[in-house]
Amino acid sequence: MESDTIQETSTSSRIIGRFAHLLSAQGVEAVLSTFFIFFLAWMDKEFFGQINYAIAAGAIVMKIVQWGLYYPQVNELSSGGQENAPEILSKVNLIKLALFTPTMVGLWFFARYQGLSPGLAFIVLLISMGFGLEALSETFFADLRVRGKQKVEARIKMVSMVACYSYGIVAAALGFPPAIIALFKLISSLVRVVWSYLVCSRIHSSSLFIKPKSRAVWLMFQASTVFALIQILGVVYNKTNIFFLEKWTGVQGVATYSAAWNLVDPVSVLASEQLLGWVIFPVLSTLWWKKREEMAPLVRTTSLWLLLIAVPIMFSLAVESDLLIGYIYPPTYSDAAWMQKYLVATILLSFQSNLFAYVMMVSGAQRVLLAFASAATVLNLGMNLWLVPVHGLLGGCLVIVGTKTVMAICSAIYCQHKFRLFRLRDFLFPALYIVVYLLLYAGLAEMMPPTVAVIPATLLYILTLWRYGRKSLGGLV
């Protein structure tokens, strides 16, 4: 019993340590990107909208080039294939390079079909190229994550972010043309690709440019196709409302929506991608192959902790939305304040749906997850056609919240049915703790302004959560 406790603590400590390294890199990126984005928002609302439109397109390009290869790559490395890592990396990057060119050509045709101006089209292509090249660095980062070298990954990303946003801020401040400013993403990607390659080439004794067998490449492509479709659909239903908003409310509407989304989405990315995708997923993959009985407790504890972490973040962002938007953005972005109150719901929905999605991928239920994603995408397009033309910005918010709700419910029901993760009593402590938090806030709001009351209530919640949460739920993740 004692050895099991020590082992659980050790696993938890390793996860927290690895996440802490990525969190430090995220902190650097958050500060620099926030300053850059807000600088653009104050400088030129139309250019701010163009950049966010291009980033939405680039995110789709990146997922297409990645083609879901991260998941079979991690599985191969985790299942004892690390001695074959050079060949695995070569297979993955060969497929990505083969996808890069046709994807960029397809984007060019999309820009023409949408009738984008030449300036906006060039910005979209330039930023999307940066996203596509960044997909190559993810191949090397995946190898580092499986080896527990998130510290090295964090260092590379910090330097790339400093180079990227320093260039963007200086170029914007000097009044360079938009197309020159848009090079910031390409600079970041080149730093990541070159440096991550050099690190991995030192780890492995053989070359990372091994010519793999054609059949091995084809099998890898086949294995990743389901994951690719899941990821691509995920990006599509997360970003399509921006394209509909551009059509019905113009670039100015995209800018207003993005002002609220840029305050909410980084929180979702921090947990959904960096904690769950880059730390938890490799651990789950290893447990599935070697200690399967430990997977369900890890998932249950992580899910409950994510619930407790999400609630005060969502509540604080909702209460402080008018203050935040009014302080950070010019008055022309005032509509973003009420939009943020809707969009905060996506934080909890993203936390939970991504956790359960990774469980389904690890356990071999990726085709079921693909069916869920396909249904959510069809629903998403239907809601975009129905809500955005009628309700404009509100419709764009309702579309993303509704889509994420569907994905969270479907994946949670499947995992509960398959693995029996939760019992009703598991939610007793989180529910009581959240109720006490809200009651404390309500009491303080009677004595002081609501925007002030949320601060002591949230601080007390955070300060006591770690102590009592560990006793009731166990260690974080």
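Above: the structure in question.
Predicted model, so just to flag it, every value in this text is computed and none were measured.

1. Overview of the pattern of salt bridges
At step 1: Under the criterion given, the structure shown has five salt bridges.
At step 2: Salt-bridge contacts for aspartate 426 lead to arginine 423; the nearest nitrogen and oxygen are separated by 3.5 Å.
At step 3: For aspartate 426, a relative accessible area of 12% corresponds to the buried category.
At step 4: What makes arginine 423 partly exposed here is its relative accessible area of 45%.
At step 5: In the salt-bridge network here, residues are joined through shared partners; they are Glu134, Lys185 and Arg192.

2. What about the nonpolar core?
At step 1: Formed by 149 residues in total, the largest nonpolar core has its most connected members in Tyr257 and Tyr329.
At step 2: Residue contributions to this core peak at 30 residues, all from helix H9 (residues 214-290).
At step 3: Beyond its immediate stretch of four places on either side in the chain, tyrosine 257 contacts Asn241, Ile242, Leu245, Met339, Leu343, Leu393, Gly396, Cys397 and Ile400.
At step 4: Phe140, Phe141, Leu144 and Val199 belong to the second largest nonpolar core, which has eight residues in total.

3. Observations regarding unusual backbone geometry
At step 1: Even without a glycine there, the phi angle at tryptophan 67 is positive, about 55 degrees.
At step 2: Of note, tryptophan 67 is situated in the loop between helix H2 (45-66) and helix H3 (70-81).
At step 3: With a phi close to 50 degrees, arginine 420 is a non-glycine residue in the positive phi region.
At step 4: Structurally, the position occupied by arginine 420 is in the loop between helix H15 (393-419) and helix H16 (428-445).

Analysis parameters
Residues numbered from 1 in each chain as written. Predicted model: local features only at pLDDT ≥ 70, side-chain atom pairs only at ≥ 80, totals over all residues. Heavy atoms only, no water. Salt bridge = Lys/Arg side-chain N within 4 Å of Asp/Glu carboxyl O. Buried < 20%, exposed > 50% of the residue type's maximum accessible area, 1.4 Å probe, protein only. Core = buried A, V, L, I, M, F, W, Y, C linked by side-chain atoms within 4.5 Å. Helix = DSSP H or I, 4+ residues; strand = E, 2+ residues; numbered from the N terminus. Contact = heavy atoms within 4.5 Å.

In short, shape yes, function no, at least from these values alone.
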